[in-house]
Every structure is written in C-alpha cells, then in structure tokens.
Amino acid sequence: MKLIHNPAEWNPLWLNHLRTNQQIGLVPTMGALHDGHLDLVKKSREECQVTIVSIFVNPTQFNNPEDFNKYPKTIEQDLAKLALAGVDYVFLPSEQVMYPAATGLKFDFGALEHVLEGKFRPGHFNGVGIVVSKLFHMIRPHVAFFGQKDLQQVAIIKRLVNDLSFEVNLSIVPTRRELDGLAMSSRNLRLNPEEREKALLLIRSLEKARAELTKGTDWKIIKEQIEADFNAEPLARLEYFDLVHPDTFDTYSIFDPAKKSSICVAAFMGDIRLIDNLPIIS
Ligand code: PAF
C-alpha cells in the first residue's frame, strides 16, 4: 500500500494505470474508519483493478467548529485496516494541498440543500461539493464509492456529477450496522456507554415507522408518535424525522406506495449528532 500526499505524486501512477487499462476506484473518507468504510473498499476492489482511499477531514463541510476539532482522528489504525483490506493507495493530502488559498466558491444545489441536513447544517453541502469536486479533479477515478447512510450527500453528489459533467460513475453501498442495528458512523466513537445504548432510538424509530406505514397508519400520526418517543428520552434531541423522495428530498406529508420514499432521521444523543435512514419504496 502506497501513501500519496499530493497530485504530483499521483499523476504518473494514474497515467500508468490508465495506459494498462485499469479501472481506478476512489473511496473518499474523513478517516476514523469502521466496517462501513471497509464495505466501500471491498466493493471498489470487486469492481476496479486499483483502489485509492482518501483520508481528509474537510474543514469546509463543518458548520460547527467544535465538531471539526473533536472529529475522531485514528490514522495509525486507519492505515492498518486499509493495508489489511488490500487497498493499493491512500491519498493523505494536507490542508495546504486541498486549500492552498481560502475558497469562497459557492454551489447552489437548490431545494436539496435547504431541507433536512442542509437546513440543520447550513453550508455543509457546499463544503462537501467543494472537496468532492477537488478529489475528483485530483484523483480522476473511474468509479467513486459512497455510503447510503449519508443519503442526502449521495443526492448532492449525483447532482454535482451531473451538473459539472464529471466522468465518474457513482457506486452506492448499503448502510453497515452494528449487531444491534445502530448505523456505523465515525461519530459513534464519541458516544459514552449510556448514549450508545440510547442511540438505538434512531433505528428503532425508523423500523417502528416503517411497520406502521405497512399497516396503513397515517404518516402524520406516525411522525407525532416518533416525536413523542424522542421527547420522552432526556438524552435525545430530535432534529428531523421525515419521509422523503430519496433523490429530490421533497418531503411527503402523505405516504404513497407508488412513489419512491425513504425515512430520514437526525438526532443528538447527548452532544453527539447522529443520522440514519431506511428505504421504504425503492
Ligand atoms: O462522507 C464523508 O465522509 C465526507 O462527507 C466525504 C464524502 C469524504 C467528503 O469529505
């Protein structure tokens, strides 16, 4: 496994792989790697001859500086996991490489960036759009792998690729869960044991809502019930629990089994903000 720190190191390698007709898969990450990331690596190794994983904690996508400063950094363990997983390259750019000068670039993703994550984390998707564009330009992969857990990020990146004509295919990998159902996330490392236990409220509420929808219960009633469940848990603070179209993120007030839908949730457990989602109609 070779470590790459800047495009100058990568460019001749990229050219060699291109000349030998090898497909390059990119797995963009912010480190603190868990089995969900390793699923992306596995998929890339199945689909491509070359896998490069980027690790960069991107400052421009954090709307909360404390969240950025406290983002878990586990680089030694990350590199050991990636070597074991058979990764070919790890791209470890410095902030200077990614942002040689402060950027004032502004994307407009329309309605997509004003609801759910976009509403509660203003500027977040702009930062994601900037860093993912930079990674696509620097690495020039044939395929890029993202997790379904960040469903709205997937919708944003699809829009980015479409609107800016990036020649990259996107491969979306299902959410990896702990044995008890909690969606794997780097932020789980920051939960204390009590918060970790209560964090199951997210997946349990998604599953409860899905079961109620199947029984024909009105979405409005389901949502009120879930909000009451969160209010009853002192450690939890619900930000949103919405039924949406998974591509446009239009929110539904009535469930229609003929339309694509997913339920998305974001909530704090103590100080840690968690998100999760469950597809209902794909
Ligand atoms: O999903 C993430 O870890 C990040 O948002 C990404 C795509 C690596 C961009 O920094």
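Quick note: structure is the one above.
Q: Whenever I open this one, the sheet that holds strand β9 (residues 272-281) confuses me. Can you help?
A: The strands that make up a sheet pair up through hydrogen bonds in the backbone, lying either parallel or antiparallel. The strand order across the open sheet formed by three strands is β7-β8-β9, and the pairing between neighbours is antiparallel. The open sheet has two free edges, formed respectively by β7 (236-244) and β9, since each of these has just one partner strand. Averaged over all pairs of adjacent strands, the angle between their axes in this sheet comes to 10°, without regard to strand direction. The pairing of β7 with strand β8 (residues 261-269) spans eight bridges and is classified as antiparallel. Bridge assignment links A236 to a residue of β8, and that residue is M269. In the packing of helix α10 (residues 200-215) onto the sheet, contacts are made with β7, β8 and β9, and the angle to β9 comes to roughly 25°.

Q: Even after reading the chapter, I still don't get the site of the ligand, so can you show me in this structure?
A: If you check the shell around the ligand, you find P28, T29, M30, N58, Q61, V131, F146, D150 and Q153 and nothing else. The side chain of Q61 places a nitrogen or oxygen atom 2.6 Å from an oxygen atom of the ligand. Here Q153 contributes a side-chain N or O atom positioned 2.7 Å from an oxygen atom of the ligand.

Q: What's the story with the pairing of strand β5 (residues 143-147) in this structure? I'm lost.
A: Along any regular strand, the residues point their side chains to alternate faces of the sheet. Here β5 lies mainly inside the structure; four of its five residues are buried. Note that strand β2 (residues 24-29) and β5 share two bridges and pair parallel. Pairing of L26 across the sheet is with A144, part of β5. Relative to strand β6 (residues 169-173), β5 is paired through five bridges, and the arrangement is parallel. Looking at the pairing, G147 lines up with V173 of β6. The parallel pair β5 and β6, bridged by helix α8 (residues 151-163), forms a crossover whose chirality is right-handed.

Q: For this particular structure, what's the right way to read the pairing of β9?
A: When you tally the buried positions in β9, you get eight out of ten residues, the bulk of the element. In this structure, β8 lies alongside β9, joined through nine bridges in antiparallel fashion. Bridge pairing links S262 to P279 in β9. Linking β8 to β9, which pair antiparallel, is a turn of two residues; within it G270 sits at a positive phi near 65°.

Q: Even after reading the chapter, I still don't get helix α4 (residues 75-84), so can you show me in this structure?
A: An α-helical segment advances 3.6 residues per turn. Residues three or four places apart therefore align on the same side. Those residues of α4 not exposed but buried are D78, L79 and L82. Buried residues of α4 fall within an arc of 95° about the axis and therefore sit on the same side. Facing away from the buried surface of α4 by more than 90 degrees, the exposed residues are E76 and L84. Summarising the contacts, the buried residues of α4 are in contact with β1 (2-4), α2 (35-47), β3 (50-55) and β4 (89-91).

Q: Sorry, what's going on with the nonpolar core here?
A: Soluble, globular proteins show a tendency: their nonpolar side chains are buried together. Among the nonpolar cores identified, the biggest contains 43 residues, and W10, I52, F91, M98, V132, F136 and F249 are the most heavily contacted of them. Of the residues forming this core, the biggest block, nine residues, is contributed by helix α7 (residues 124-139). The next biggest cluster of nonpolar side chains, apart from the first, holds 25 residues, and it includes I203, V265, A267 and L278.

Q: Can you walk me through the environment of Q148 in this structure?
A: By secondary structure assignment, the location of Q148 is in the loop between β5 and α8. Residue Q148 is classed as partly exposed on the basis of its relative accessible area, which comes to 24%. Sequence separation between Q148 and F249 is 101 residues; the distance between their C-alpha atoms is 14 Å. Q148 has contacts with I172, V173, P174, T175, N277 and P279, leaving out every residue within four places of it along the chain.

Q: I tried to follow α10 on my own but got confused; where do I start?
A: Counted at 1.5 Å a residue, the expected span for α10 with its 16 residues is 22 Å, and the 23 Å between its end C-alpha atoms agrees. Within α10 the residues assigned to the buried category are L200, L202, I203, S205, L206, A209 and L213. Taken together, the buried residues of α10 touch α9 (193-198), α11 (219-231), β7, β8 and β9.

Q: Looking at this structure, how should I read the pattern of salt bridges?
A: Side chains carrying opposite charge are able to pair once their charged atoms draw close together. All chains considered together, the criterion is met by 19 salt bridges. The salt bridge involving D67 is made with R187; its shortest N-O contact spans 2.9 Å. Within this pair, whereas D67 is found in helix α3 (residues 65-69), its partner R187 is found in the loop between β6 and α9, the two being separated by 120 residues in sequence. Of the charged contacts, one joins E117 and R273 as a salt bridge, the two residues approaching to 2.8 Å between their closest N and O atoms. On the criterion of sequence distance, the pair formed by E117 in helix α6 (residues 117-120) and R273 in strand β9 is long-range, its members being 156 residues apart. As far as the burial class goes, E117 and R273 line up, both buried.

So, how was this worked out
- Residues numbered from 1 in each chain as written.
- Predicted model: local features only at pLDDT ≥ 70, side-chain atom pairs only at ≥ 80, totals over all residues.
- Heavy atoms only, no water.
- Pairing = 2+ DSSP bridges.
- Helix = DSSP H or I, 4+ residues; strand = E, 2+ residues; numbered from the N terminus.
- Axes fitted to C-alpha atoms, helices over the stretch in contact; angles between N-to-C directions.
- Contact = heavy atoms within 4.5 Å.
- Near = heavy atom within 4 Å.
- Polar contact = N/O pair within 3.5 Å; in protein donor to acceptor, adjacent residues only side chain to side chain.
- Buried < 20%, exposed > 50% of the residue type's maximum accessible area, 1.4 Å probe, protein only.
- Right-handed = clockwise from strand over helix to strand, strands pointing away.
- Arc of directions from axis to C-beta.
- Core = buried A, V, L, I, M, F, W, Y, C linked by side-chain atoms within 4.5 Å.
- Expected span 1.5 Å × (residues − 1).
- Salt bridge = Lys/Arg side-chain N within 4 Å of Asp/Glu carboxyl O.

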